[in-house]
Amino acid sequence: MKHFPSFVLALSLLVSSADAFAQGTPKAKGPATETLQVKTSAVCDMCKARLEKSLAYEKGVQAATLDVPSQMLTVTYRPDKTTPTALRTAVQQTGYDADKQTADARAYDRLPDCCKKTNNVH
C-alpha cells in the first residue's frame, strides 16, 4: 500500500504523456507561395547578384531571380509573411527602381558605377 500513490502518479504521467504525443487535428496551412514580378533598373550581373542576395534576407522570400536582359525580377514569397509592397520597398532600398517607383537616393548613390542607370556602357 505504501507504493500505491507512487503507482497512481506514474500511471497518470504515462497517460498524459501519451495524449501529448497523439496527433491532433491537422492545422490549416496558410496560403502557399505566390510570385511577384517587378521591373527594375538593374543593368548588369553585379546588379543581379546584389538584388538576389538582398531579397534572400527578406522575411518570407523563398527565391528571387533577376533576368538581366529584361530587367525583370521574379520573387517567390509567402504571402502570410510579406507583401508585394514590402518587396518593392526592399528593391528600392537596395538602390534600384521597382516598377514605377524610383530607387532610394542614398542606396542608389552607393551602387558601383557600372550599376547606375546613367552609365553609358550598358
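Computed from a predicted structure; not experimentally measured.

Each value, and the rule that gives it
Numbering of residues begins from 1 in every chain and follows the order in which that chain's sequence is written. Thresholds applied to this predicted model are a pLDDT of at least 70 for local features of residues and 80 or more for the giving and counting of side-chain atom pairs; totals over whole chains, interfaces and linings are not thresholded and use all residues. Only hydrogens and water are removed before side-chain values are computed, so all heavy atoms of the structure are retained for them. Nonpolar cores were defined as sets of buried Ala, Val, Leu, Ile, Met, Phe, Trp, Tyr and Cys residues, with membership established by side-chain atoms within 4.5 Å. Using a 1.4 Å probe on the protein chains alone, a residue whose accessible area is under 20% of its type maximum counts as buried, one over 50% counts as exposed, and one in between counts as partly exposed. Put simply, DSSP H or I for four residues or longer makes a helix, DSSP E for two residues or longer makes a strand, and each gets a number counted from the N terminus. Contact between two residues is taken to exist if any of their heavy atoms lie within 4.5 Å; hydrogens are not considered. Here a salt bridge means any side-chain nitrogen of Lys or Arg lying within 4 Å of a carboxyl oxygen belonging to Asp or Glu.

> For the nonpolar core, give the residues involved together with the corresponding values.
Core analysis: the largest hydrophobic core is formed by 24 residues, its most contacted members being Cys47, Leu55, Leu73, Val75, Leu87, Val91 and Tyr96. Counting residues per element, the ones that place at least two in this core are strand E1 (34-39), helix H2 (45-56), strand E2 (61-67), strand E3 (72-77) and helix H3 (84-94). Ignoring anything within four residues of it in the chain, the contact list for Leu87 reads Leu36, Leu55, Val61, Val75, Tyr77 and Thr82.

> Which residues make up unusual backbone geometry, and what values do they have?
Although it is not a glycine, Gln71 adopts a positive phi angle of roughly 60°. Relative accessible area serves as the criterion here: at 21%, Gln71 is assigned to the partly exposed category. For Asp99, which is not glycine, the phi dihedral falls at a positive 55°. Positionally, Asp99 belongs in the loop between H3 and helix H4 (105-109). Note on Asp99: relative accessible area 32%, which makes it partly exposed.

> Kindly report on the pattern of salt bridges, identifying the contributing residues and their values.
Two side chains that carry opposite charge are able to pair once their charged atoms sit near each other. The full count for this structure, using the stated rule, is three salt bridges. In this structure, Arg78 and Asp80 form a salt bridge, with 2.8 Å as the shortest nitrogen-oxygen distance. Among the ionic pairs, Arg88 bridges to Asp99, the shortest N-O distance being 2.7 Å. Within this pair, whereas Arg88 is found in helix H3, its partner Asp99 is found in the loop between H3 and H4, the two being separated by 11 residues in sequence.

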